[in-house]
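# Summary of structural features
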Amino acid sequence: QHASHALWGDKEVLLAAVVQHGDALQHAPDALRADKEVVLAAVVQQGDALRYASDALRADKEVVLAAVAQQGDALQHASHALWGDKEVLLAAVVQHGDALQHAPDALRADK
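Residues numbered from 1 in each chain as written. Predicted model: local features only at pLDDT ≥ 70, side-chain atom pairs only at ≥ 80, totals over all residues. Heavy atoms only, no water.

## Concerning the nonpolar core
Keep this limit in mind: Each nonpolar core is a collection of buried residues, namely Ala, Val, Leu, Ile, Met, Phe, Trp, Tyr and Cys, held together in the definition by side-chain atoms within 4.5 Å. Residue exposure (1.4 Å probe, protein chains only): buried if accessible area is under 20% of the type maximum, exposed if over 50%, otherwise partly exposed. A run of DSSP states H or I qualifies as a helix once it reaches four residues; a run of E qualifies as a strand once it reaches two. Both are numbered from the N-terminal end.
In terms of nonpolar packing, the biggest core is built from 33 residues, with L25, V43, L50 and L75 touching the most fellow members. Taken together, the elements giving at least two residues each to this core come down to α2 (11-20), α4 (36-45), α6 (61-70), α7 (80-83) and α8 (86-95). Top element by residues in this core is α4. It accounts for 6 residues.

## What to know about the pattern of salt bridges
The test is simple: Any carboxyl oxygen of Asp or Glu that lies within 4 Å of a side-chain nitrogen of Lys or Arg is treated as forming a salt bridge with it.
Summed over the entire model, instances satisfying the criterion amount to 8 salt bridges. For the salt bridge of D60 with K36, the shortest nitrogen-to-oxygen distance reads 3.2 Å. Taken together, the residues D60 in the loop between α5 (55-58) and α6 and K36 in helix α4 connect sequence positions 24 residues apart. Residue classification places D60 among the buried positions, given a relative accessible area of 19%.

## Examining the side chain of D60
Rules: The term polar contact refers here to a pair of N or O atoms within 3.5 Å; inside protein, the definition further demands a hydrogen-donor-capable atom paired with an acceptor-capable atom, and it admits residues adjacent in sequence only when both atoms are side-chain atoms. Residue contacts are defined here by distance: any two heavy atoms, one from each residue, within 4.5 Å place the two residues in contact.
At 3.2 Å, the side chain of D60 and the side chain of K36 are in polar contact. At a separation of 3.0 Å, a polar atom in the side chain of D60 contacts the main-chain amide nitrogen of V63. In this structure, D60 is in contact with K36 and L82, ignoring residues within four places of it in sequence.

## Regarding α6
Three or four residues apart is the spacing at which side chains of an α-helix point the same way, because the helix has 3.6 residues per turn. Taken as a whole, α6 has its buried residues at V63, V64, A66, A67 and V68. Buried residues belonging to α6 abut α4, α5, α7 and α8. A side-chain oxygen of the first residue of α6 lies 3.0 Å from the backbone nitrogen of E62; this N-cap is D60.

Laid out in structure tokens, this is it:
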């Protein structure tokens, strides 16, 4: 948090930070918020860090699965297109039952 702006732009420094505290992703420049390796490292540590990822990575199924497996309610930060993905939704609900509230009606009714 107190590192200079130049350091946050260094991929290796940022990776070291997000492995310890996923929400450090919020300090990253846009280019690193769009870096799949960096974002995966962040969401594996703290699923909710998904909120700081680029739009493209919030729509990336692998990234979203990693996030919801760590913190089910991270689903709320995923692309709406993935809210209706059965595999993503199941992973989120297994981790955090309340994630079901983000599911489309058709999937909520699915037995």
